[in-house]
Each structure stands twice: as C-alpha cells, then as structure tokens.
Amino acid sequence: METNYNFKLIDGVFQPTEAQKVLMDLLNTKINYHNLDAFSNFIRFNTETENSKKRVEALVQSSKTIMEIIELATRNNLELKINSNITIELQENVSK
C-alpha cells in the first residue's frame, strides 16, 4: 500500500492581484478552520485550544508578510511565481 502522496496545488506565475486572491483565500480558509475548531472546543469542553491559537497567530503573521511581498511586486511591476505542494503521509494511529 502506498503511504506517501504528493499534490501540486499551485504552480504558476501570477499578477499581484491574482496572487493576493489565491494566497489570501487559502490563508483565510486555514485561519477560519482553526478559529472554528477553537470555538467548538471552547463551547463543548470549556477549554481553549492552544495549538489552534498559536496556528492562527502564525497564519496571520504569514498573511501580513505575503501582503508586503505582494505590495512590493505591485510597486515594482513584478509578477509572482508561486509553487505549492502538499504531501500526505499515512501513518499508524498513535492516539489509540
């Protein structure tokens, strides 16, 4: 059985406005996922999820940095070459 899978999610050259849409949509989806997960855990178990909180902070910082790069590209009339791969690895369930 194959245990490693690789997928190319983004592969291309983008104008700054296109890059902003693609990247911000991706990051906002991840941020929303972690916010909803944290809210769900708080409602169900009255606990805060530190992992989700830290992940949201990291994603927000990434968003700010990416926006700075997009603004730099816009000011200098540059395109952005973006490559994004996702790797999925099947492993034994360690939380049994």
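**Q** What should I look at first to understand a nonpolar patch on the surface in this one?
**A** On the surface, Met1, Phe7, Leu9, Ile86, Ile88 and Leu90 cluster together to form a nonpolar patch covering roughly 630 Å² of accessible area. Going through the elements one at a time, β1 (4-14) and β2 (80-89) are the ones with two or more residues in the nonpolar patch. Looking at the secondary structure, you find Met1 in the segment before β1.

**Q** Whenever I open this one, the environment of Glu89 confuses me. Can you help?
**A** Following the sequence through the fold, Glu89 ends up in strand β2. Residues Glu89 and Glu68, spaced 21 residues apart in sequence, show a C-alpha to C-alpha distance of 33 Å. Setting aside residues up to four positions removed in sequence, Glu89 forms contacts with Thr3 and Asn4.

**Q** It is not clear to me how helix α2 (residues 50-75) should be interpreted in this structure. Could you clarify?
**A** Helical geometry: 3.6 residues make up each α-helical turn, so side chains three or four residues apart lie on a common side. Between the first and last C-alpha of α2 there are 38 Å, a value that for 26 residues agrees with the 38 Å anticipated at 1.5 Å per step. For α2, the complete set of buried residues consists of Ser52, Val56, Leu59, Ser63, Ile70 and Ala73. Summarising the contacts, the buried residues of α2 are in contact with α1 (16-45) and β2.

**Q** Mind showing me how you'd approach the environment of Thr47 here?
**A** Locating Thr47 in the fold gives a position in the loop between α1 and α2. Taking the C-alpha atoms as reference, Thr47 lies 33 Å from Met67; in sequence the two are 20 residues apart. Apart from residues lying up to four places away in sequence, Thr47 is in contact with Ala38, Asn41 and Phe42.

**Q** Help me out: how do you make sense of the pattern of salt bridges in this one?
**A** When the charged atoms of two side chains lie near each other, side chains of opposite charge can form a pair. In total, this model carries two salt bridges according to the counting rule given. In this structure, the salt-bridge partner of Lys8 is Asp11, at a minimum N-O distance of 3.9 Å. An identical accessibility class is assigned to Lys8 and Asp11; each is exposed. Taking the shortest distance from any N to any O, the salt bridge between Asp25 and Lys21 comes out at 2.8 Å.

Parameters and conventions
- Residues numbered from 1 in each chain as written.
- Predicted model: local features only at pLDDT ≥ 70, side-chain atom pairs only at ≥ 80, totals over all residues.
- Heavy atoms only, no water.
- Patch = residues over 30% accessible without salt bridge, like charges linked within 9 Å, V, L, I, M, F, W, Y side chains within 5 Å.
- Areas by Shrake-Rupley, 256 points an atom, 1.4 Å probe, with all protein chains shown as cover.
- Salt bridge = Lys/Arg side-chain N within 4 Å of Asp/Glu carboxyl O.
- Helix = DSSP H or I, 4+ residues; strand = E, 2+ residues; numbered from the N terminus.
- Contact = heavy atoms within 4.5 Å.
- Expected span 1.5 Å × (residues − 1).
- Buried < 20%, exposed > 50% of the residue type's maximum accessible area, 1.4 Å probe, protein only.

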